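Here are the chains, one letter per residue:
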Amino acid sequence: VALKRMLNFNVPPVKNSTGEPVWKVLIYDRFGQDIISPLLSVKELRDMGITLHLLLHSDRDPIPDVPAVYFVMPTEENIDRMCQDLRNQLYESYYLNFISAISRSKLEDIANAAIGANAVTQVAKVFDQYLNFITLEDDMFVLCNQNKELVSYRAINRPDITDTEMETIMDTIVDSLFCFFVTLGAIPIIRCSRGTAAEMVAVKLDKKLRENLRDARNSLFTGDTLGAGQFSFQRPLLVLVDRNIDLATPLHHTWTYQALVHDVLDFHLNRVNLEESTGTESTPAGARPKKKNKKSYDLTASDKFWQKHKGSPFPEVAESVQQELESYRAQEDEVKRLKSIMGIEGEDEGAISMLSDNTAKLTSAVSSLPELLEKKRLIDLHTNVATAVLEHIKTRKLDVYFEYEEKIMSKSTLDKSLLDMISDPDAGTPEDKLRLFLIYYISSAQAPSEIDLEQYKKALMDAGCNLAPLSYIKQWKAFTKMASAPASYGNATPKPLGLFSRVMNTGSQFVMEGVKNLVLKQQNLPVTRILDNLMEMKSNPETDDYRYFDPKMLRGSDSSVPRNKNPFQEAIVFVVGGGNYIEYQNLIDYIKGKQGKHVLYGCSELFNATQFIKQVGAFKNN
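Residues numbered from 1 in each chain as written. Predicted model: local features only at pLDDT ≥ 70, side-chain atom pairs only at ≥ 80, totals over all residues. Heavy atoms only, no water.

## Details of the sheet that holds strand 6 (residues 134–137)
In step 1: Spatial ordering of the open sheet is given by 6-7-17-16-9-8-15, a layout of seven strands whose pairing is mixed. The two strands at the open ends of the sheet, each matched to only one other strand, are strand 6 and strand 15 (547–549). Taking the axes of each pair of neighbouring strands and ignoring which way they run, one obtains an average angle of 20 degrees across the sheet.
In step 2: In the packing of helix 20 (residues 526–535) onto the sheet, contacts are made with strand 8 (189–192), strand 9 (237–242), strand 16 (570–576) and strand 17 (598–603), and the angle to strand 9 comes to roughly 145 degrees. (Pairing = 2+ DSSP bridges. Helix = DSSP H or I, 4+ residues; strand = E, 2+ residues; numbered from the N terminus. Axes fitted to C-alpha atoms, helices over the stretch in contact; angles between N-to-C directions. Contact = heavy atoms within 4.5 Å.)

Shown next as structure tokens:
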């Protein structure tokens, strides 16, 4: 909503106004691009009158009779470039929108340039948009993508970090969270764990919200905000969690569609990039191997199949793709059948409309063609994506890993020894084995004895694993052991249902042989459990000493005693140090069971296990 308002020159778009939109160009930087691309397609931009969208730092030709909407971060170099645009008189008028608030001195720089270029009248509006966060789903956001290594797990947890570096990281995170709440138009009540980076974020955010509310003349939270109507009268709860309370989940193998896509494919800002093999025919000896086609697909809110199934267990997804395909084929056959009855096979569509009344059926069949084509596009898309995922599941035995890890995390009895899993050459990549072992190591109440550990290490090294991440996890475990007991993961394990029913039919696209049909049981991960305690006001040793901040209170009081005793209707969970789709899905599943409640999931960055292991392995062993 905020973006559409901005693209409409900062006035709310009027519904059903006839007439063309005002044609304009959109100039953004990489930050702006990342914010817009998951939310608005090129077609939607065009519908809003954006004929051209260009990066600020690209060579742009002057278009003197068109207004330009800028959407950029207020950085030195961006401002210099904007001043240059003014001097070169590139556009008819300039609507300058800053993703994050611009400082007084930089505003003056622009003003001076405008005066120098004699372009003051052409700078139509200057706005702080407070949109410095990336929305990936209706209920999920991530802080940034461009320089995410600045706020990464590794950056926050570096042992040799200086205070000023830490301040900078915290300020970056707080700036984005502040933007998030301005856009929501709500002041949260903040809870956080003590002694963590999450607590530093909470203190700073509380201060920033408080200062903004104090300055009544310029407060961003008075009546007329976008979000004023979105929330009930109740204020939302913001739960700030530190990644360190649970390092097992980011390493966990998963079984739901979206999380699997993120784990095994290249999935980034809602776009998945696939390498397609070009046919199966073997290349003659000595010939150059065929180049693989790269294809990218957007998995968006308008994709109904994705919306419905992104949280489903993979076998269900395969089955649903198959059903969609069958229903599509039936519809297609119906169109063909009608055409042949009327003897107009292969004739042009024009002839159809001239036939008599019994064409009504055909007309309706033909008019549903665009819908059919869209359906076909989605079926093809998900067939390709699901097939790619299935290949990973089969070659790496991911179903076995998932089931085994769930058993470890829920402390069930294991049917096969961990050593056997690690030394089985057919199961998984070295990284899969390392993930499994780290989860075992993190979840075990007692760390394995030195003798056992050596044995595991040898097996892991024989399997080709890089053990750098283990030394960090070891330190982390020793440290958290002093701080608190290890997080427990409930005690439900996935139940295998017999083999696949429909998908096993020979007619299926997906050859599921040998893949276990595992069904998930809802069990709350640590982050979801913490939310449940705080949202429902349950007393629990895990969360009883969480700090409580209310930026609306005149005097900040440091207490963990909540003033508000009623359960919350809306909550935002934000993970400082990075999040993942497994946790997101777990929260969504949890809230489904709660009538009329909403939860949003946010994180400082989104990583899959591979990326997380890289970060953890990069710590210097000191």
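## A short note on the side chain of Gln129
In step 1: For Gln129, the location among the structural elements is in the loop between strand 5 (123–128) and strand 6.
In step 2: For Gln129, a relative accessible area of 12% corresponds to the buried category.
In step 3: Gln129 has contacts with Met6, Asn10, Phe71, Asn97, Phe98 and Ile99, leaving out every residue within four places of it along the chain. (Buried < 20%, exposed > 50% of the residue type's maximum accessible area, 1.4 Å probe, protein only.)

## Side note on the packing of aromatic side chains
In step 1: Going through the model one piece at a time under the given rule, you end up with 26 aromatic pairs.
In step 2: Ring centres of Phe133 and Phe141 lie 6.0 Å apart, and the angle between their planes is 75 degrees; on these two criteria the pair is classed as edge-to-face.
In step 3: The exposure class of Phe133 is buried, given its relative accessible area of 7%.
In step 4: Look at Tyr153 and Phe619: their rings are 6.3 Å apart centre to centre, the planes differ by 85 degrees, and that puts the pair in the edge-to-face class. (Phe/Tyr/Trp six-rings, centres within 6.5 Å; stacked < 30°, edge-to-face > 60°.)

## A short note on the pattern of salt bridges
In step 1: Here the structure, examined in full by the defined rule, presents 30 salt bridges.
In step 2: Measuring nitrogen to oxygen at the nearest pair gives 2.9 Å for the salt bridge that ties Glu275 to Lys294. Of the two residues, Glu275 is situated in strand 11 (residues 271–276) and Lys294 in strand 12 (residues 293–298); the sequence distance between them amounts to 19 residues.
In step 3: Since its relative accessible area comes to 49%, Glu275 is described here as partly exposed.
In step 4: On the basis of relative accessibility, which here comes to 63%, the residue Lys294 falls in the exposed class.
In step 5: The partner of Arg377 in a salt bridge is Glu374, and the shortest N-O contact between them spans 3.1 Å. Pair noted here: Arg377 and Glu374 are both in helix 14 (residues 369–396), with a separation of three residues, about one helical turn.
In step 6: Taking the relative accessible area as the measure of exposure, Arg377 reaches 45% and is therefore partly exposed.
In step 7: On the accessibility criterion, Glu374 (35% relative accessible area) is partly exposed.
In step 8: Look at the salt bridges and you will find they share partners, linking Asp263, Arg396, Asp432 and Arg435 into a network. (Salt bridge = Lys/Arg side-chain N within 4 Å of Asp/Glu carboxyl O.)

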